[in-house]
Amino acid sequence: MKGRGAVVNPERTPAGKPAKSRFGRAGRIAVLAALVAVTATGCSGDEVLRFGWPVGVTPQALEMQHLWTYTVIAALAVGVVVWALIFWVAVFHRKKKGVPGEPEELPRQFQYNVPLEIFTVVTPLIMVCVLFFFTATTESDVLDKKPNPDVTVNVVAFQWNWEFDYPSEPKTANGDIVRTIGSSGEIPLLVLPTNRTIQYNLRSTDVIHSFWVPEFHFKRDVFPFPEKNNQDMSFQNSIDQTGSFVGRCAELCGTYHSVMNFEVRALTPDLYAQYIRLRGQINAKTNQLYTASEALTTMNCGELCTSHAVTTQPFNTDRTARTASG
Ligand SMILES: [Cu+2]
């Protein structure tokens, strides 16, 4: 039979105190856990430096990403200093045991230390000024408008869909402007060229909507009578890459607000020119102007020329077909 005294804990000294090796092992485990956390997440250097900022497709989005990255780095630098100070105070300036019978002595007080107080007021002020400067310059770049954009689109929002007009492009065979109107059965495609300055003029025919393309990292309310409401109804950007990007209404505008979607289809300038040319012509099969989906089908350029939206889909507007949400 084993006696109690026969069990020996190798990690404990005879006095019962944890041995130094325990801290060494804890340290190794902490370093290992940190290494696993960094390597197992599969984050690339670019991803880490984005600090959660989503990937955009415009130079304006990239500029906002840079502002975000540098702001987080600056905040982390300040955080490291603050954490170090907290750690230093907590470890090296703990309350000391007083001598029994004598009144407790307060630690050294700093409330009338003028240089320290100036430092604690001026430093945050400088930080706020620097943040304000970079935020204001980024904002002014993002909202900057060139006098002669390459393409202009009039975006008309209505309950509950979108209309996209191309006033800067040649007129159609019918003498009208190229126009795409969404319906409950078809998500409207806003076809645009890459690497061109595009101006968006926003206008609503009823309530306030909001034009939002998440990948643009840009959202602007769409007002009825923007002039009377003293609203800046236009903005510009350019798109860096081809692709399909979902667009949404981001202002609660009524019953079918949630399905008031569209899709930006960014094509190369050559394909875009071909698209606009087709949209101006009469389709021999229908004896009508080419619709957006007919033009894209005719162009047949692969995935980019898919005739319908690929990022979102139409919604059944029949109220009786709907079920209560759970
Ligand atoms: Cu809306």
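Residues numbered from 1 in each chain as written. Predicted model: local features only at pLDDT ≥ 70, side-chain atom pairs only at ≥ 80, totals over all residues.

Visitor: Is there a simple way to think about the overall build of the chain in this case?
Guide: Broken down by element type, the chain carries six helices and 12 strands. In the chain, the proportion of contacts linking residues at least 24 apart, taken out of those at least 6 apart, comes to 63%. (Helix = DSSP H or I, 4+ residues; strand = E, 2+ residues; numbered from the N terminus. Contact = placed C-beta atoms within 7 Å.)

Visitor: What exactly am I supposed to notice about the nonpolar core here?
Guide: Nonpolar side chains tend to gather and get buried jointly when the protein is soluble and globular. Counting residues in hydrophobic clusters, the biggest one holds 45 residues, and the most contacted among them are Val-153, Val-155, Leu-190, Val-191, Leu-192 and Tyr-275. Ignoring any residue separated from it by four or fewer positions in sequence, one finds Leu-192 in contact with Val-151, Ile-198, Ile-239, Val-264, Ala-266 and Tyr-272. (Core = buried A, V, L, I, M, F, W, Y, C linked by C-beta atoms within 7 Å. Buried ≥ 20, exposed ≤ 12 C-beta atoms within 10 Å, placed from the backbone.)

Visitor: What is the right way to look at the confidence of the model for the chain in this model?
Guide: Predicted coordinates in areas of low pLDDT are best not read in detail. For the chain, per-residue confidence averages 86 on the pLDDT scale, and 88% of positions sit at 70 or higher. When mean pLDDT is compared element by element in the chain, strand S5 (residues 198-204) scores highest at 97, while helix H1 (residues 20-40) scores lowest at 69. (pLDDT = per-residue confidence, 0-100.)

Visitor: What am I meant to see in helix H3 (residues 59-92) here?
Guide: In an α-helix, one full turn covers 3.6 residues, which means residues spaced three or four apart are oriented alike. Here H3 contains 34 residues, and its C-alpha end-to-end distance of 49 Å stays within 8% of the 50 Å for a straight helix at 1.5 Å per residue. What H3 keeps buried is the set Gln-60, Ala-61 and Met-64. (Expected span 1.5 Å × (residues − 1).)

Visitor: I would appreciate a short explanation of the sheet that holds strand S8 (residues 234-237) in the present structure.
Guide: Strands in a sheet are paired, the pairing made by backbone hydrogen bonds, and the direction either parallel or antiparallel. Taking strand neighbours across the sheet as the criterion, the five strands line up as S3-S2-S1-S5-S8 in an open arrangement whose pairing is mixed. The open sheet terminates on both sides in strands that have one partner only, identified here as strand S3 (178-181) and S8. With strand direction ignored, the average angle separating the axes of adjacent strands in the sheet is 20°. Sheet topology places strand S1 (residues 151-158) next to strand S2 (residues 161-166); five bridges connect them, and they run antiparallel. Looking at S2, one finds that Val-155 is bridged to Phe-164. (Pairing = 2+ DSSP bridges. Axes fitted to C-alpha atoms, helices over the stretch in contact; angles between N-to-C directions.)

Visitor: Would you take a moment to explain unusual backbone geometry for this structure?
Guide: When glycine is set aside, most residues are seen to have a negative phi, and most peptide bonds are trans. In this model, Gln-159 is joined to Trp-160 through a cis peptide bond whose omega is -5°. Along the polypeptide, Trp-160 turns up in the loop between S1 and S2. Phi at His-217 is positive, roughly 55°, even though this residue is not glycine. Within the fold, His-217 resides in the loop between strand S6 (209-213) and strand S7 (218-222). When the 22 C-beta atoms within 10 Å are taken as the criterion, His-217 is described as buried. If you check the backbone angles, Asn-300 has positive phi at about 50° while not being a glycine. If you trace the backbone, Asn-300 turns up in the segment after helix H6 (292-299). Given 8 C-beta atoms within a 10 Å radius, Asn-300 is considered exposed.

Visitor: Looking at this model, I keep getting lost on the environment of Val-155. Mind explaining?
Guide: Of note, Val-155 is situated in strand S1. On the basis of neighbour counts, which here come to 22 C-beta atoms within 10 Å, the residue Val-155 falls in the buried class. C-alpha of Val-155 to C-alpha of Leu-190: the two residues are 35 residues apart in sequence and 9.2 Å apart in space. Look past the residues within four positions of Val-155 in its chain and what remains in contact with it is Trp-162, Phe-164, Tyr-200, Asn-201, Leu-202, Phe-211 and Val-222.

Visitor: Would you take a moment to explain the environment of Ser-234 for this structure?
Guide: Tracing the backbone shows Ser-234 in strand S8. Here Ser-234 falls in the partly exposed class, since 17 other C-beta atoms lie within 10 Å of it. Each C-alpha atom of the pair Ser-234 and Arg-203 lies 9.1 Å from the other, and the pair is 31 residues apart in sequence. Not counting residues within four places of it along the chain, the set of residues in contact with Ser-234 comprises Gln-199, Tyr-200, Asn-201 and Leu-202.

Visitor: Would you explain the sheet that holds S6 in this entry?
Guide: Read from one edge of the open sheet, five strands run S4-S10-S9-S6-S7, paired in mixed fashion. The outermost strands of the open sheet, each flanked by one partner alone, are strand S4 (189-193) and S7. Each strand axis lies, on average, 25° off the axis of its neighbour in the sheet, ignoring direction. Across six bridges, the pairing between strand S9 (residues 243-249) and strand S10 (residues 261-267) is antiparallel. Following the sheet pairing, Arg-248 is matched in S10 by Asn-261. Packed onto the sheet, helix H5 (residues 269-279) meets S4 and S10 and runs at close to 130° relative to S4.

Visitor: It is not clear to me how the pairing of S6 should be interpreted in this structure. Could you clarify?
Guide: Within S6, five of the five residues are buried, which leaves the element mostly enclosed by the surrounding structure. The two faces of S6 match: His-209, Phe-211 and Val-213 on one face and Ser-210 and Trp-212 on the other face are all buried. Pairing of S6 with S7, which is carried by five bridges, proceeds in the antiparallel orientation. Residue Val-213 lies in a different strand from S7, and its bridge partner there is Phe-218. Joining the antiparallel neighbours S6 and S7 is a turn of four residues, in which His-217 adopts a positive phi near 55°. With two bridges connecting them, S6 and S9 associate as antiparallel partners.

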